[in-house]
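So the chains spell out like this:
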Amino acid sequence: MADVAPILETQGLKCHFGGLKAVDGIDFRLREGEIRAIIGPNGAGKTTFVSLLSGRTPVTSGTIRFRGEDITRMPAFKRVRHGIAYTFQITNIYQKLTVAENVRIAVLGRMQRDGSADLDDRRETAEALRAVGLSDRAQEKAGELAYGHQRLVEVAMGLALRPSVLILDEPTQGLSDSEIEDFCALVREIARTATILLIEHNMDVVMQLADRITVLNRGKLLAEGTPAEIRANAEVQAAYLGTGA
Ligand SMILES: Nc1ncnc2c1ncn2[C@@H]1O[C@H](COP(=O)(O)OP(=O)(O)OP(=O)(O)O)[C@@H](O)[C@H]1O
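Cut-offs applied
Residues numbered from 1 in each chain as written. Predicted model: local features only at pLDDT ≥ 70, side-chain atom pairs only at ≥ 80, totals over all residues. Helix = DSSP H or I, 4+ residues; strand = E, 2+ residues; numbered from the N terminus. Buried ≥ 20, exposed ≤ 12 C-beta atoms within 10 Å, placed from the backbone. Axes fitted to C-alpha atoms, helices over the stretch in contact; angles between N-to-C directions. Parallel < 35°, antiparallel > 145°, perpendicular 65-115°, else oblique. Left-handed = near helix turned anticlockwise from the far one by under 90°. Contact = placed C-beta atoms within 7 Å. Expected span 1.5 Å × (residues − 1). Pairing = 2+ DSSP bridges. Core = buried A, V, L, I, M, F, W, Y, C linked by C-beta atoms within 7 Å. Near = placed C-beta within 6 Å. Nonpolar A, V, L, I, M, F, W, Y, C, P; charged D, E, K, R; others polar.

A. Spotlight on the overall build of the chain. Helix and strand content of the chain: nine helices and ten strands. The buried share of the chain, taken over its 245 residues, is 39%.

B. Focus on the packing of helix H4 (residues 121–132) against helix H5 (residues 147–160). Relative to each other, H4 and H5 sit at 130 degrees, their axes nearing to 9 Å. Put simply, H4 runs oblique to H5. For the pair H4 and H5, the sense of crossing is right-handed. Across the interface between the two elements, Glu124, Thr125, Ala128, Leu129, Ala131 and Val132 of H4 pack against Leu152, Val155, Ala156, Leu159 and Ala160 of H5.

C. H4, seen in detail. Taking 1.5 Å per residue, twelve residues should reach 16 Å; H4 reaches 17 Å between its end C-alpha atoms and fits that length. Where H4 is buried, its residues touch helix H3 (99–114), H5 and helix H6 (177–190). Downstream of H4 by a residue or two, Gly133 has a phi angle that is positive, lying close to 80 degrees.

D. Representation of the pairing of strand E6 (residues 84–87) in the model. Residue alternation in E6 divides its side chains into two sets, Ile84 and Tyr86 and Ala85 and Thr87, and both sets are buried. The pairing of E6 with strand E7 (residues 165–169) spans four bridges and is parallel. What sits directly across from Thr87, in E7, is Leu168.

E. Structural view of the nonpolar core. Core analysis: the biggest nonpolar cluster contains 66 residues, and Val103, Ala156, Ala160, Ile167 and Ile196 have the highest contact counts within it. Ranked by the residues each element gives to this core, the list is headed by H5, at seven residues. The residues touching Ile167, leaving out its near neighbours within four places in the chain, are Val50, Leu53, Ser54, Ala85, Tyr86, Thr87 and Leu197.

F. Looking closely at the sheet that holds strand E10 (residues 220–225). With respect to topology, six strands assemble into an open sheet ordered E6-E7-E8-E3-E9-E10, the strand pairing being mixed. At either end of the open sheet lies a strand with only one pairing partner, and these are E6 and E10. Averaged over all pairs of adjacent strands, the angle between their axes in this sheet comes to 15 degrees, without regard to strand direction. In the sheet, strand E3 (residues 35–39) pairs with strand E8 (residues 195–199) via four bridges, with the strands oriented parallel. Across the sheet, Arg36 pairs through a bridge with Leu197, a residue of E8. The strands touched by helix H1 (residues 46–54) are E3, E6, E7, E8 and strand E9 (212–217); relative to E7, the strand with the most contacts, the crossing angle is about 150 degrees. Packed onto the sheet, H5 meets E6 and E7 and runs at close to 175 degrees relative to E6.

G. Region of the structure containing the site of the ligand. The environment of the ligand is made up of Phe17, Leu20, Ala22, Gly40, Asn42, Gly43, Ala44, Gly45, Lys46, Thr47 and Thr48. Of all the elements, H1 adds the most residues to the shell around the ligand, at three residues. Within the shell around the ligand, the residues separate by chemical class into four nonpolar, six polar and one charged.

H. Highlighting the packing of H3 against H4. At a minimum axis distance of 9 Å, the contact between H3 and H4 shows a crossing angle of 120 degrees. As summarised for this structure, H3 and H4 are arranged oblique, according to the angle between their axes. Of the two elements, H3 crosses H4, and the hand of that crossing is right-handed. Where H3 abuts H4, its residues Val99, Ala100, Val103, Arg104, Val107, Leu108 and Met111 lie against Asp121, Glu124, Thr125, Ala128 and Leu129. In the contact of H3 with H4, the residues fall into eight nonpolar, one polar and three charged.

I. Looking closely at the sheet that holds strand E4 (residues 61–66). Spatially, E2-E1-E4-E5 is the arrangement adopted by the four strands of the open sheet, whose pairing is antiparallel. Because the sheet does not close on itself, it has two edges, and the strands there are strand E2 (20–30) and strand E5 (69–70). Inspection of the sheet shows E4 paired to E5 by two bridges, in the antiparallel sense. Looking across to E5, one finds that Arg65 is bridged to Asp70. This element, H1, spans strand E1 (8–17), E2 and E4 of the sheet and lies at about 60 degrees to E2.

Take a look at the structure:
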């Protein structure tokens, strides 16, 4: 696998906020088709790192390549067109619109992107809602849903874009145990057609889903490996998992 060209790659990626080195020189390679988890203590730089990948936050220095093309300075909306979708922490949702209307906006955006005006947008919307288990709530106002369900609306919006890379930032926050189980099944399903980059604090979810795990600490890459390797890594245990994990 090591010689397969990465779908997404960073070299020496940095993002400094004044004196704070939120992301401090990260070399990262994401393989096409994998589920990669990013973990690390609070403030490690995880959200900042994926914000750089999505174009939401400007890079201080270093490069980002997508399928070999330098996208370091490409605006966020163009990255979405290239197939990099990022579910924000709810900020994407129109609170006063229904769940279905929110998802339909994403579907229509993709149709415009792909020039596929002949697609049945209502059917596509219904499919995305079914995938995340929100069909029953399609006509509810998005802003009135529980927090965890609003996160799922965002995932449906991301899915509706048919991304080749889907970046999920703490998607299971606010979900019940059974909803988390359904969500894990959904991620496996999505992974059949997309590469997934997942920031996640729930270690059960990480260990269950990830093909590989990247550990960040203080803006730097601390370790990378399979779930078993990361579990056994003493440095990771000290920095993040705690020695008892
Ligand atoms: N826009 C910003 N301006 C200034 N500092 C920021 C900004 N965004 C993030 N930071 C700081 O950068 C550091 C990394 O934050 P980031 O949110 O990327 O970490 P994280 O690993 O995602 O943390 P958490 O797990 O708590 O979400 C933190 O010290 C944070 O306060």
